[in-house]
There are 2 protein chains.
Amino acid sequence: MKIISGGVTAARGFKAAGTHCGIRKNHSKKDLALILSACEASAAGVYTTNLVKGAPVQVTRAHIAADGKLRAIVCNSGNANTCCADGIIKAERMCSIVAHRTGVAPSDVAVASTGVIGQPLPIEPIEEAMEGLVGQLTSDGSSDAALAIMTTDTVKKEIAVEFTLGGKTCRMGGIAKGSGMIHPNMATMLVFITTDAAVPSETLQKLLSADVKDTFNMVSVDGDTSTSDMVIVMANGMAENGPLSAQDETELAAALRAVTGYLCKMIASDGEGATKLLECRVSGAFTDADARIAAKSVIGSSLLKAAMFGADANWGRVLCAVGYSGANVDVDKVDVSFESKAGSVEVCRMGRGIEFSEEIAKQVLSEKEIAIVIGLNSGEGCATAWGCDLTYDYVRINGDYRT
Amino acid sequence: MKIISGGVTAARGFKAAGTHCGIRKNHSKKDLALILSACEASAAGVYTTNLVKGAPVQVTRAHIAADGKLRAIVCNSGNANTCCADGIIKAERMCSIVAHRTGVAPSDVAVASTGVIGQPLPIEPIEEAMEGLVGQLTSDGSSDAALAIMTTDTVKKEIAVEFTLGGKTCRMGGIAKGSGMIHPNMATMLVFITTDAAVPSETLQKLLSADVKDTFNMVSVDGDTSTSDMVIVMANGMAENGPLSAQDETELAAALRAVTGYLCKMIASDGEGATKLLECRVSGAFTDADARIAAKSVIGSSLLKAAMFGADANWGRVLCAVGYSGANVDVDKVDVSFESKAGSVEVCRMGRGIEFSEEIAKQVLSEKEIAIVIGLNSGEGCATAWGCDLTYDYVRINGDYRT
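Let me begin by describing the structure that accompanies this report. Note that residues are indexed from 1 along each chain, following the sequence as it is written. Written order decides the labels, with chains lettered from A and ligands numbered from 1. Residue-level local features of this predicted model are given only where pLDDT is at least 70; pairs of side-chain atoms are given and counted only at 80 or more, and the full residue set underlies all totals for whole chains, interfaces and linings. For the side-chain quantities, the full set of heavy atoms in the structure was used; hydrogens and water were omitted.

1. What about the overall build of chain A?
The way it works is that DSSP assigns letters per residue, a run of H or I at least four long becomes a helix, a run of E at least two long becomes a strand, and they are numbered from the N terminus. Helix and strand content of chain A: 11 helices and 15 strands. For 403 residues, the compact-globule formula gives about 22 Å, and the C-alpha radius of gyration of chain A, at 22 Å, lands near that figure. Partly exposed residues are those whose accessible area sits between 20% and 50% of the maximum for their type, while under 20% is buried and over 50% is exposed, using a 1.4 Å probe and protein chains only. Residues classed as buried in chain A amount to 61% of the 403 residues present. Here, residues are in contact when the closest pair of their heavy atoms is within 4.5 Å. At a minimum sequence separation of 6, the contacts of chain A that also span at least 24 residues come to 80%. Method for areas: the Shrake-Rupley scheme with a 1.4 Å probe, in which residue coverage is limited to the protein chains shown. Accessible area for chain A stands at about 13,700 Å²; split by element, carbon and sulfur atoms hold 50% of it. The convention is simple: Lys and Arg are positive, Asp and Glu are negative, and His and the chain ends are not counted. For this purpose, a charge sits on NZ of Lys, CZ of Arg, CG of Asp or CD of Glu. The averaged location of the 46 negative side-chain charges in chain A is 2 Å from the averaged location of its 37 positive side-chain charges. As defined in this context, the radius of gyration uses C-alpha atoms, and a globule is described by 2.2 Å times the residue total to the power 0.38.

Put into structure tokens, the structure is as follows:
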């Protein structure tokens, strides 16, 4: 497997485009994206567990559940189409508009919306822009689509890989958006993944559901599980590989993990206001589940996140977050180190503070990517979670996002 | 029942004092407090549920559990005596030092420490200061004790009430500290309450445990459950009321609620960096438990807290937090209003946004005390939670607290 360029249009048969249609006032910010497969694709999706679900989440889930197939994904930014009386009608309308201009069935279109909650979605700009958007579809349009789905993101997020199934070269690529309201549970903000591998939709769903447990569900920016989270995978089979062997499935899972793992880190490091990517690696837990709970608790602690912003080796906050996480932990066996490319500093052994150089700790924590390494010394369970620091800019962005 | 002055020394037979002993470098900040009852008092306590528990929490719990009696409470700020190899020894030593200078039994002393986690507690300053501190004990020393237990608190927190049991006038008062790492579960940071009512310790424990469910456990500043939370009540019987009737218990519970309710709001409004007190009132839930879960989720949302800082009526974040709270909620029946002394503005009805004046909303949300009023229209369950906004100062305080 190797990393290649091309994002969601790296796989054969996928085209994409992004444009400014007018949902956002800022004309230089694209706000409408389209991804289209040349032929019918197997599809799988995972969605937010928030009881308040955006209308597009409900419509997309129904479209994929019907027959496990998709041809297109349409997505707007600037408005979440959530908590609106006419939300379902407008989400279905977005699919019909795509169908009208591309000839695919409305039920083969997935729809997503991200932005402010509770304001009516203006459908006219989407209707008026669709003919032009379809005309712009190209096999190197991934970047425009990735730009169009961004909200408070500061960098576009895309990745693609090449791998082999049954002697056939396959490609898989993805784009993502997500910066605030990021604490996914069953999925993350918006992630669209395409592959030209031939994969039955049941297999695709199985692989995706297994993957998100260790990837998107282990990311937290601010503890808020969005109403609009979704991850969609489309597999159109144009690589012409045969039925999947067990080894093929392993290869496919590895390709998926490469794509999702990369996008996870991109989302965490571009968290609203973030200056640092935090990676919490927990090992030695009684079970993997305990490790996941502890890692996610640490990455979600506002106090620790603020300490990391200040490059302050306040490891007591790590112990505190492990202690209230709900994980089964022997608190008298906890080891903690901080690591970065500037080095490593051990700060706690068997639940007790140890002497360390504040100067070295400051150097380690002044890097852009920091690992919080926790040894629980109780079993074989392990997990990794990703997050970011809590900064003045998070407050600035969210104190005045809507107006 | 009426509000009176005097804090923990309002009740007969209680003296208190606070001094600077040298745990903190800043000489103008008191860091050691003592509360002493003239006679043996019934005692009850509730403590943090964090698996990582400060040594003082463990020692105090053992002392109260032994016989339900206390004579004194000693508390230092500046060091949490938590995650230290010699923590238990030093916490017991603090009790012995008090015993030596006052003549009470070490097992009748409760001990508490608050401050940085994981640094060895210097015991010498406490030893050296104790004789002088005991000499300073007075029946109007509550204020000095309240000042001595503060860490990042910006205001001291004390309250007292007068009430009647069986024809006898009784008094109850409390002091508290708590500003960061506030998301209590079974207790809050440090709260010490005294009363001269005669109350068996079993009754005192029952009343306290019932009370914290709706008071301290409904406060959140930052979602971090401290390792050092405790609430201690001492009742020394000097009011000479007789055995408690059912009506007396109701009166006593009301006095306790008046003290704890006031201190809750004091803690929430003095949250680290806070500029606003938030009160989330949920009604119409299927059960009280659902109401509590929903209210606490809203008060804990970083996104909503930042929006309140910015006086932005971003009610979608209220719906979002209700939706991911885990409470059983019919999301299509949720009503939301914001209220303050500047007025009231309804923003969401039956799960859908409604037209409202942004100008009025801005006025309502620019006040210092804001209520987020949520109607779930499904049952009779209700609850109230208290929190504060998320500000630049929270990040500043916690980015550089330890160094």
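2. Focus: the state of the cysteines
Whenever a pair of cysteine sulfur atoms sits within 2.5 Å, that pair is classed as a disulfide. In the structure shown here, the tally under the stated rule is zero disulfides over all chains. Summary of cysteine pairing: A:C388 is not part of a disulfide, and the nearest cysteine sulfur, belonging to A:C264, is at 13 Å. Looking at A:C388, the relative accessible area reads 1%, which means it is buried. We note that B:C21 lacks a disulfide partner, and the nearest cysteine sulfur, in B:C75, lies 11 Å from it.

3. Brief notes about the interface of chain A and chain B
For an interface, size is often stated in terms of accessible area lost upon the parts coming together. Counting residues at the interface gives 53 residues for chain A and 53 residues for chain B. With both chains or domains summed, chain A and chain B bury close to 4,300 Å², and 59% of this area falls on carbon and sulfur atoms. Salt-bridge detection follows one rule: a side-chain nitrogen of Lys or Arg within 4 Å of a carboxyl oxygen of Asp or Glu. There are zero salt bridges connecting chain A and chain B. Between N or O atoms, a polar contact is any pair within 3.5 Å; within protein, one atom must be a potential hydrogen donor and the other a potential acceptor, and residues adjacent in sequence are included only when both atoms are from side chains. The tally of links from chain A across to chain B stands at eight residue pairs in polar contact (both at pLDDT 80 or more). Going through the elements one at a time, α8 (302-309), α9 (316-324), β13 (352-353) and α11 (392-399) of chain A are the ones with two or more residues in the side of chain A that touches chain B. When residue character is reported, Ala, Val, Leu, Ile, Met, Phe, Trp, Tyr, Cys and Pro are called nonpolar, Asp, Glu, Lys and Arg charged, and the others, Gly included, polar. Residues of the side of chain A that touches chain B, tallied by class, amount to 25 nonpolar, 18 polar and 10 charged. Here's the idea: put two parts together, see how much 1.4 Å probe accessible area each one loses, and the total over both is what we call buried area.

4. A few points about the pattern of salt bridges
Within the structure shown, the criterion is met by 37 salt bridges over all chains. Ionic pairing is found between B:K157 and B:D270, a salt bridge with its closest N-O pair at 2.6 Å. With a gap of 113 residues between them, B:K157 in strand β6 (residues 157-165) and B:D270 in the loop between α6 (246-269) and β10 (277-285) connect regions that are remote in the sequence. Accessibility classification places B:K157 together with B:D270 in one group, the buried group. Measuring nitrogen to oxygen at the nearest pair gives 2.9 Å for the salt bridge that ties B:D214 to B:R292. Of this pair, B:D214 sits in helix α5 (residues 201-214) while B:R292 sits in helix α7 (residues 288-300), placing them 78 residues apart in sequence. A single salt-bridge network, built from bridges that share partners, covers A:D211, A:D214, A:R257 and A:R292.

5. Re unusual backbone geometry
At A:M350, a position not held by glycine, the phi torsion is positive, near 55 degrees. Turning to its location among the elements, A:M350 is positioned in the loop between β12 (343-349) and β13.

6. As for the pairing of strand β5 (residues 109-116) of chain A
Residue and element names in this part refer to chain A. Most of β5 sits inside the fold, with eight of its eight residues counted as buried. Here, a strand pair is defined by DSSP locating no fewer than two bridges between the strands. Sheet topology places strand β4 (residues 69-79) next to β5; eight bridges connect them, and they run parallel. Bridged to N79 within β5 is V116. Throughout, right-handed denotes a crossover for which the path from the first strand over the helix to the second runs clockwise when the strands point away from the viewer. Chirality of the crossover, the property in question, places the unit of β4, helix α2 (residues 87-102) and β5 among those that are right-handed.

7. Focus: the sheet that holds strand β14 (residues 369-375) of chain B
Residues and elements named next belong to chain B. On the basis of which strands lie adjacent, the open sheet formed by six strands has the order β13-β12-β11-β14-β10-β15 and mixed pairing. The open sheet terminates on both sides in strands that have one partner only, identified here as β13 (352-353) and β15 (381-388). Looking at chain direction, strand β12 (residues 343-349) and β13 are connected through two bridges and run antiparallel. Among the inter-strand pairings, C348 is bridged to a residue of β13, identified as G353. For helices, the fitted axis covers only the stretch in contact; all axes are lines through C-alpha atoms, and the angles between them, taken along N-to-C directions, range from 0 to 180 degrees. Against the sheet, α7 touches β10, β14 and β15, its axis set at about 20 degrees to β15. Taken strand by strand, helix α10 (residues 358-365) contacts β11 (335-340), β12 and β14, and its axis lies near 120 degrees from that of β12.

The quantities given are spatial measurements derived from coordinates; they are silent on function.
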